[in-house]
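# Survey of secondary and tertiary structure
Listed below are the residues making up each chain.
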Amino acid sequence: MVKVRQDAWSHEDDLLLAETVLRHIREGSTQLNAFEEVGDKLNRTSAACGFRWNAEVREKYDSAIDLAKRQRKEKKRANAVKTTKTRQPVVPVMQNAEEEEQPQTMEEPSITMDTVIRYLKQVKRDYYASNQSKLSLEQMQKENAMLKEHVSNLEKKLESTEKQFATVQEDYQVFMQIMERARKMTVLDDQGTIQSPAFRMDKNGNLQQVANGTNQ
């Protein structure tokens, strides 16, 4: 028999749909099962019930849905605790007298030879890596010291070069002053000329310089 209803949903139908869906949520069932149950009661299809729930009814029961989900979780938790408590440890029916007298000891984890070898190899690698890092650090410190000494030597050479350059500059200035004075001494006055000295022979055959290059 096909379930077909064309009439509108009443308030009682919506209430029945909401209560059924919430109950299935609390009990850990699915909404599809709730829709089928409501469809059987209202002579509607489960698809129609699902459409009505998602389109009109669900948004009015958000808080109730959250509460039902929390109740479902609490119920599952309570069932899990109950199941744990009901479990009884398995006790052997009969034990030998020697087994009763022997104290129970915690079983130690087994260590294989491969585990020991892997551990020792790892320790060896760590040791070599540590030594390599130490050597690298020492090498860097030596190079740093050599660089500092080289920089110090360069600074001393630079200071000496600067002093020599200052001395050369001073000598050059003195030389230029001497050249300037010599130039000024050889420059003719605007009113005079350079005269070569003149000589004459006296009666004794000796040369005598004539003043200002003129004959006397």
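Residue positions are given per chain, counting from 1 as you read along its sequence in written order. Since the coordinates come from a predicted model, pLDDT governs what is reported: local features require at least 70, and pairs of side-chain atoms require 80 or more to be given and counted, while whole-chain, interface and lining totals use all residues. Side-chain figures throughout are based on the complete set of non-hydrogen atoms in the structure, without hydrogens or water.

## Some remarks on the overall build of the chain
Think of it this way: any DSSP run of H or I at least four residues long counts as a helix, any run of E at least two long counts as a strand, and we number them from the N terminus. Secondary structure summary: the chain contains six helices and two strands in total. What you see in the chain, going N to C, is helices and strands ordered as α-α-α-α-α-α-β-β. If you take every contact in the chain between residues at least 6 apart in sequence, the share linking residues at least 24 apart comes to 51%. When checking whether two residues touch, look at their non-hydrogen atoms; a contact exists if any pair is within 4.5 Å.

## Regarding the pattern of salt bridges
By convention in these notes, a salt bridge is any Lys or Arg side-chain nitrogen within 4 Å of a carboxyl oxygen on Asp or Glu. Summed over all chains, the structure comprises six salt bridges. Among the ionic pairs, Lys41 bridges to Glu37, the shortest N-O distance being 3.3 Å. With Lys41 and Glu37 both in helix α2 (residues 31–42) and four residues apart, the pair spans about one turn of that helix. Via salt bridges that share partners, Arg23, Glu37 and Lys41 belong to a single interconnected network.

## A short note on α2
Expected helix span is taken as 1.5 Å per residue step, with the number of steps being one fewer than the number of residues. Taking 1.5 Å as the rise per residue, α2 with 12 residues should run 16 Å; its terminal C-alpha atoms sit 16 Å apart, in good agreement. Here's how the labels work: a residue is buried when its accessible area is under 20% of the maximum for its type, exposed when over 50%, partly exposed in between, all with a 1.4 Å probe on protein chains only. The complete set of buried residues in α2 reads Ala34, Phe35, Val38, Gly39 and Leu42. Viewed along the axis of α2, the buried residues span an arc of 135 degrees, placing them on a single side of the element. The inward-facing, buried residues of α2 contact α1 (11–26) and α3 (46–57). Directions from the helix axis toward the C-beta atoms define the arc.

## Considerations on the nonpolar core
Across soluble globular proteins, you tend to see nonpolar side chains buried next to one another. Counting 15 residues, the largest nonpolar core has Leu17, Val21, Phe35, Cys49 and Trp53 as the members making the most contacts within it. Those elements that provide at least two residues to this core are α1, α2, α3 and α4 (62–86). Per-element tally for this core: the top contributor is α1, with five residues. For Leu17, the residues in contact, after removing those within four places along its chain, are Trp9, Phe35, Val38, Cys49, Arg52, Trp53 and Val57. Take the buried Ala, Val, Leu, Ile, Met, Phe, Trp, Tyr and Cys residues and link them wherever side-chain atoms come within 4.5 Å; each set so joined is a nonpolar core.

## A few points about the packing of α1 against α2
Simply put, an axis is a line fit to the C-alpha atoms, just over the touching stretch for a helix, and the angle between two N-to-C directions goes from 0 to 180 degrees. The N-to-C vectors of α1 and α2 enclose an angle of 145 degrees; their axes lie 9 Å apart at closest approach. Here α1 and α2 pass one another in a crossing that is right-handed. For the pair α1 and α2, the contacting residues are Asp13, Leu16, Leu17, Thr20, Val21, Arg23, His24 and Ile25 in the first and Gln31, Asn33, Ala34, Phe35, Glu37, Val38, Lys41 and Leu42 in the second. Take the far helix as the reference: if the near one is turned anticlockwise from it by less than a right angle, the crossing is left-handed, and if turned clockwise, right-handed.

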